[in-house]
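What follows is each chain in one-letter form.
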Amino acid sequence: LMALRSVMNPHFLFNSLNSIQYFISKNERKSAIEYLSFFSKLIRKVLNSSMHHFTSLSDEIELIRYYVALEQLRFEDKFTCNIDLPTDISPEKIEIPSLLLQPYVENAIIHGLN
């Protein structure tokens, strides 16, 4: 829990749960299931990453993709996100500090939409 709190904004966690509740209350079963699936994958990735000091860039990008997918569902596709990497690098071979990028992406989405 401390790992989650230190990396992910607690408001994001509550907003995610509220979004799931909203989809359920509106009887949008497919959206609720999709959101819950992304949410559980993201939380699993964050917890796994928090146990290691470094992770591959490919794993970090996967975590970012889950996070962005959640935010796109929550904000009803009001933004798009592209992750472009040079073709001459191997993200599986590049090591970066674990959970380095997610807070920057979160801030970009929050401040970009406001």
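What you are looking at is a predicted structure, and each value in this text was computed from that prediction instead of being measured.

### Re the pattern of salt bridges
As enumerated under the stated definition, the model contains 3 salt bridges in all. Put simply, Lys45 and Glu62 hold a salt bridge, and the shortest N to O gap is 3.0 Å. Placement of the pair is Lys45 in helix H3 (residues 29-49) and Glu62 in helix H4 (residues 57-74), with a sequence separation of 17 residues. On the accessibility criterion, Lys45 (16% relative accessible area) is buried. According to the relative accessible area criterion, Glu62 is partly exposed, its value standing at 31%. Among the salt bridges present, the one from Arg74 reaches Glu71, with a minimum N-O distance of 2.9 Å. Of this pair, Arg74 and Glu71 both sit in helix H4, 3 residues apart, roughly one helical turn. You can call Glu71 buried: its relative accessible area is 1%. Connected through shared salt-bridge partners, Lys45, Asp59 and Glu62 make up one network.

### Overview of the packing of helix H2 (residues 10-25) against H3
How two helices sit against one another is set out by the angle between their axes and by the gap between those axes. One can describe the packing of H2 onto H3 by two numbers: an axis separation of 8 Å at closest approach and a directional angle of 155°. Of the possible angle classes, the one that applies to H2 and H3 is roughly antiparallel. The crossing of H2 and H3 is left-handed. Contact residues: Phe12, Leu13, Asn15, Ser16, Leu17, Ser19, Ile20, Phe23 and Ile24 in H2; Ser31, Ala32, Tyr35, Leu36, Phe39, Leu42 and Ile43 in H3. Each residue belonging to the contact of H2 with H3 can be placed in one class, and the counts come to 12 nonpolar, 4 polar and no charged.

### Considerations on the environment of Lys78
As for its position among the elements, Lys78 is in the loop between H4 and strand E2 (95-97). In the structure, Lys78 is positioned 28 residues away from Ser50 in sequence and 30 Å away in space, judged by C-alpha atoms.

Criteria and thresholds
- Residues numbered from 1 in each chain as written.
- Predicted model: local features only at pLDDT ≥ 70, side-chain atom pairs only at ≥ 80, totals over all residues.
- Heavy atoms only, no water.
- Salt bridge = Lys/Arg side-chain N within 4 Å of Asp/Glu carboxyl O.
- Helix = DSSP H or I, 4+ residues; strand = E, 2+ residues; numbered from the N terminus.
- Buried < 20%, exposed > 50% of the residue type's maximum accessible area, 1.4 Å probe, protein only.
- Axes fitted to C-alpha atoms, helices over the stretch in contact; angles between N-to-C directions.
- Parallel < 35°, antiparallel > 145°, perpendicular 65-115°, else oblique.
- Left-handed = near helix turned anticlockwise from the far one by under 90°.
- Contact = heavy atoms within 4.5 Å.
- Nonpolar A, V, L, I, M, F, W, Y, C, P; charged D, E, K, R; others polar.

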